[in-house]
Amino acid sequence: MPRGYDALPRDPDMYGHLASRIAAGESYSLPGRDTPTAMRPPLYPLVLSPIYAAGLGETAAPLLLYAAIDAAACLALYALALSIGAPRRAALLAALCWALYLPQAASQTRLWAEPLAALLATAALWAITSAARGGDRRRFLLGGTLFGLGALAHSTLLPIALVTAVVAAFASTGGLRARFGRIALTLAACAAVITPWTLRNAAALGAFVPATTHGGQTVWEGNCALGDDDFLRNVHIPEARERFDRLLDERYGIRFGDLSEVERDRLFRAETLRLVGENPARYAALSLNRFVRLWFNLGFKGEPPSLMSLALSALHGALLAAFVAGMLRGGRRLLRRCAPALALVAASTLLYMATIAYARYAFPMIPAVLAMTAAAWITGEE
């Protein structure tokens, strides 16, 4: 992990705080405020809230919850590997590898949402992959439902669900009408799950917010240095906020506190797009650099990697090499069976390359990579 990781607070993304408010029957709001927020999606705080209601939120009890989540993810990964066409021994090996995947322990000690996102993304992939192989409309419906839940845990799964649904439908059998029907069914199920949260945000914030109001701040943090000579340097949240405060004063003559949560999100996005438009070559170079950050936890200019980062880089390098070689070995038949999982991994990688990238964002993709790699290299029937 990056240097200084141990100095991070236990709850850097405020999921525990939000869970404690839900448990107490209080408003879904940020620390020190009593106004509604959509800075974080609601599912993970809801999952944590019973632990806080029992007065165990600040103990090690959430780690027991993570153990249950990881156990369920192993089962989902096993089912996913079988749906791709892997024999049982390959599916068992993939599940065992995920159970022993130590880098995710960093997420578990920080109350981050990646373990829950990994479970829901893997379960959604299983449903949609098996649906694509058999044309089962109920499985497409289930896959959309699970993707909707995933988006309420980790908002980046919302656009990724769209890409994966389209690819899965076109990898299935039947004519165009049947395939477009499957896309519509999957996305309708996903939309049905996120609709209550979207309606709550419309009432509380007066705007259409299907996921969070945090996306603009995130893309600004990842790209706000594009105008600098040293644009490949990683910008941390305090500096990104300072830059935005200065921009508000110089360009608009307003302060951060003058804007609503929705207005800030929109302005973050607008200013990021302006910077990208003014620096397209730098943006392309930074996006390529973010691939290295995402998958290898390297490329943070001016921040020497720790031994843990180097170990993660070696682990992911070996995994990706085996994955790519396995896909080449498997040929078109394997690629077709793996199409939904490939779509999820590709869409996730491109999304983080375009916005902001840290190694923990790759964790929800690891089960899909393990399933495909095991299916490629271990063949034959039991």
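To start, this report covers the structure provided alongside it. All of these numbers come straight from a predicted model, not from anything done at the bench.

**Re the overall build of the chain**
No. 1: Across its full length, the chain holds 16 helices and 0 strands.
No. 2: Relative to the globule expectation of 21 Å for 382 residues, the C-alpha radius of gyration of the chain, 21 Å, shows essentially globular dimensions.
No. 3: Viewed in the frame of its principal axes, the chain has a C-alpha envelope of about 65 × 45 × 45 Å.
No. 4: Burial status across the chain gives 53% buried among its 382 residues.
No. 5: Counting only contacts in the chain whose residues sit at least 6 apart along the sequence, the fraction spanning at least 24 positions is 71%.

**Description of the packing of helix α11 (residues 237-252) against helix α12 (residues 261-278)**
No. 1: Viewed as axis vectors pointing N to C, α11 and α12 meet at an angle of 85°, and their least axial separation amounts to 12 Å. Here α11 is positioned roughly perpendicular relative to α12, judged by the angle of their axes. Two secondary-structure elements touch here, α11 through Phe244, Leu247, Leu248, Arg251 and Tyr252 and α12 through Arg264, Leu267, Phe268, Glu271 and Arg274.
No. 2: Of the residues contributing to the contact of α11 with α12, the split by class is 6 nonpolar, no polar and 4 charged.

**Digging into the nonpolar core**
No. 1: Counting residues in each nonpolar core, the largest one holds 91 residues, and the members touching the most others are Trp98, Trp295 and Met372.
No. 2: Considering every element that reaches this core, the biggest residue donor is helix α6 (residues 114-134), with 12 residues.
No. 3: Dropping the residues within four chain positions of it, tryptophan 295 is found in contact with His316, Leu320, Val345, Thr349, Ala362, Met365, Ile366 and Val369.

**Structural notes on a nonpolar patch on the surface**
No. 1: Residues Leu162, Val163, Val166, Phe170, Leu176 and Phe180 make up a contiguous nonpolar surface patch of roughly 500 Å² in combined accessible area.
No. 2: Contributing elements (two or more residues each) for the nonpolar patch: α8 (157-171) and α9 (176-205).
No. 3: With 4 residues, α8 is the single largest residue contributor to the nonpolar patch.
No. 4: Along the chain, leucine 162 falls in helix α8.

**Comments concerning the side chain of glutamate 221**
No. 1: By the secondary structure assignment, glutamate 221 is in helix α10 (residues 215-223).
No. 2: This buried residue, glutamate 221, is left without a salt bridge; arginine 360 holds the nearest opposite charge, at 8.3 Å.
No. 3: When near neighbours in sequence (up to four residues on either side) are disregarded, glutamate 221 contacts Val235, His236, Ile237, Ala240, Ile356 and Tyr358.

**A look at the environment of leucine 205**
No. 1: Structurally, the position occupied by leucine 205 is in helix α9.
No. 2: With sequence-adjacent residues up to four places away left out, leucine 205 is seen in contact with Pro36, Ala38, Thr213, Glu261 and Val262.

**Brief notes about the pattern of salt bridges**
No. 1: Using the criterion set out here, one finds 18 salt bridges in the structure.
No. 2: Between aspartate 34 and arginine 21 there is a salt bridge whose closest N-O contact spans 3.3 Å. Of this pair, aspartate 34 sits in the loop between α1 (15-23) and α2 (43-53) while arginine 21 sits in helix α1, and the two are 13 residues apart along the sequence.
No. 3: Judged by relative accessible area, which is 13%, arginine 21 ranks as buried.
No. 4: Two residues, glutamate 271 and arginine 251, come together in a salt bridge whose shortest N-O distance is 3.8 Å. Remark: arginine 251 occurs in helix α11 and glutamate 271 occurs in helix α12; sequence separation between them is 20 residues.
No. 5: Owing to a relative accessible area of 3%, glutamate 271 belongs among the buried residues under this scheme.

**What about α10?**
No. 1: Within α10, 8 of the 9 residues are buried, which leaves it mostly tucked inside the rest of the structure.
No. 2: Those residues of α10 that fall on the buried side of the exposure criterion are Gly215, Gly216, Thr218, Val219, Trp220, Glu221, Gly222 and Asn223.
No. 3: Packed against the buried residues of α10 are α11, α12, α13 (280-296) and α15 (339-354).

**Some points on the packing of aromatic side chains**
No. 1: Counted by the stated rule, this structure contains 15 aromatic pairs.
No. 2: Ring geometry for phenylalanine 244 and phenylalanine 268: centres 3.8 Å apart, planes at 25°, overall stacked. A residue pair is termed long-range when its members are at least 10 positions apart, and phenylalanine 244 in helix α11 and phenylalanine 268 in helix α12 qualify at 24 residues.
No. 3: In this structure phenylalanine 268 comes out as buried when scored by relative accessible area, which is 4%.
No. 4: Their ring planes at 65° and their centres at 6.4 Å tell us that phenylalanine 291 and phenylalanine 296 sit as a pair that is edge-to-face.
No. 5: Counting every residue linked through ring pairs, the aromatic cluster contains Trp220, Phe244, Phe256 and Phe268.
No. 6: The ring of phenylalanine 256 has arginine 241 lying over it, and the distance from NZ or CZ to the ring centre is 3.6 Å.
No. 7: Residue placement shows arginine 360 over the ring face of tryptophan 112; its charged tip is 3.7 Å from the ring centre.

**Focus on the environment of alanine 73**
No. 1: Within the secondary structure, alanine 73 sits in helix α3 (residues 61-84).
No. 2: Classification of alanine 73 by relative accessible area gives buried; the value is 1%.
No. 3: The contact partners of alanine 73, leaving out residues within four places of it in the chain, are Trp98, Leu119 and Thr122.

**Side note on helix α4 (residues 88-99)**
No. 1: With 12 residues, α4 should reach 16 Å at 1.5 Å per residue; the first-to-last C-alpha distance of 16 Å fits that figure.
No. 2: Taken as a whole, α4 has its buried residues at Ala90, Ala91, Ala94, Ala95 and Trp98. Buried residues of α4 fall within an arc of 135° about the axis and therefore sit on the same side. Of the exposed residues in α4, those oriented more than 90 degrees away from the buried face are Leu92 and Ala99.

Criteria and thresholds
- Residues numbered from 1 in each chain as written.
- Predicted model: local features only at pLDDT ≥ 70, side-chain atom pairs only at ≥ 80, totals over all residues.
- Heavy atoms only, no water.
- Helix = DSSP H or I, 4+ residues; strand = E, 2+ residues; numbered from the N terminus.
- Rg over C-alpha atoms; globule rule 2.2 N^0.38 Å.
- Buried < 20%, exposed > 50% of the residue type's maximum accessible area, 1.4 Å probe, protein only.
- Contact = heavy atoms within 4.5 Å.
- Axes fitted to C-alpha atoms, helices over the stretch in contact; angles between N-to-C directions.
- Parallel < 35°, antiparallel > 145°, perpendicular 65-115°, else oblique.
- Nonpolar A, V, L, I, M, F, W, Y, C, P; charged D, E, K, R; others polar.
- Core = buried A, V, L, I, M, F, W, Y, C linked by side-chain atoms within 4.5 Å.
- Patch = residues over 30% accessible without salt bridge, like charges linked within 9 Å, V, L, I, M, F, W, Y side chains within 5 Å.
- Areas by Shrake-Rupley, 256 points an atom, 1.4 Å probe, with all protein chains shown as cover.
- Salt bridge = Lys/Arg side-chain N within 4 Å of Asp/Glu carboxyl O.
- Lys, Arg positive; Asp, Glu negative; His and termini not counted.
- Phe/Tyr/Trp six-rings, centres within 6.5 Å; stacked < 30°, edge-to-face > 60°.
- Lys NZ or Arg CZ within 6 Å of the ring centre and 35° of its normal.
- Expected span 1.5 Å × (residues − 1).
- Arc of directions from axis to C-beta.

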